[in-house]
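Below are the chains, spelled out letter by letter.
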Amino acid sequence: MTTRYLHTMYRITDPERSRAFYEALGFEFRRDLPIVRDDELEATNYFFGVPGQDEELELTFNHDARTYDLGTGYGHIAIGVDDLDATLAALASQGIEPEREPYRVREGGSRLCFVRDPDDYRVEIIERAAG
């Protein structure tokens, strides 16, 4: 048996704001998939990925205008960047600020910080050595 990770999905409330946020983080928009049931547009799935990687982030917008509470079991997604300070400067120019200044979980560990998307989902940004 071969297993391959495909995607993570969560629900959003404003597709345009979410797209701008994830594109600011370096994701590329790949495609959308309208979900039609009984001739009615029920939801739209928006797929994003990091250029050069197959795995995807699926953001689902339900067209019935319902709202969502974050579940207590969900944590965050994580992305790696080669220059955390440059990434944060680029995000700040688009109004995206970290929850707190970058830090290390343990001595000698990678620098990291968290930002929140338009629906308050946390995204961990981890500085990783290039290569």
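Predicted model, so just to flag it, every value in this text is computed and none were measured.

Q: How do you make sense of the overall build of the protein chain when you look at a structure like this?
A: The helix and strand tally for the protein chain stands at two helices and eight strands. When its helices and strands are written in sequence order, the protein chain yields β-α-β-β-β-β-α-β-β-β. For the C-alpha atoms alone, the extent of the protein chain along its principal axes is close to 55 × 40 × 30 Å. A buried classification covers 34% of the 131 residues belonging to the protein chain.

Q: Where do I start with the sheet that holds strand E7 (residues 111–116) in this structure?
A: The pairing of strands in a sheet happens through backbone hydrogen bonds and is either parallel or antiparallel. Taken in spatial order, the four strands line up as E5-E8-E7-E6 in an open sheet, and their pairing is mixed. Strands at the two margins of the open sheet, each flanked by one partner only, are strand E5 (76–81) and strand E6 (103–104).

Q: Just checking my understanding: could you explain the nonpolar core for this structure?
A: Side chains that are nonpolar tend, in soluble globular proteins, to be buried together. Counting residues in each nonpolar core, the largest one holds 24 residues, and the members touching the most others are Tyr22, Leu25 and Ile125. Among the secondary structure elements, those contributing two or more residues to this core are strand E1 (7–12), helix H1 (15–24), strand E3 (40–49), strand E4 (56–62), E5, helix H2 (84–92), E7 and strand E8 (122–127). Filtering out sequence-adjacent residues up to four positions away, Ile125 remains in contact with Leu25, Ile79, Val81, Leu84, Thr87, Leu88, Leu91, Arg111, Leu112, Cys113 and Val115.

Rules and cut-offs
- Residues numbered from 1 in each chain as written.
- Predicted model: local features only at pLDDT ≥ 70, side-chain atom pairs only at ≥ 80, totals over all residues.
- Heavy atoms only, no water.
- Helix = DSSP H or I, 4+ residues; strand = E, 2+ residues; numbered from the N terminus.
- Buried < 20%, exposed > 50% of the residue type's maximum accessible area, 1.4 Å probe, protein only.
- Pairing = 2+ DSSP bridges.
- Core = buried A, V, L, I, M, F, W, Y, C linked by side-chain atoms within 4.5 Å.
- Contact = heavy atoms within 4.5 Å.

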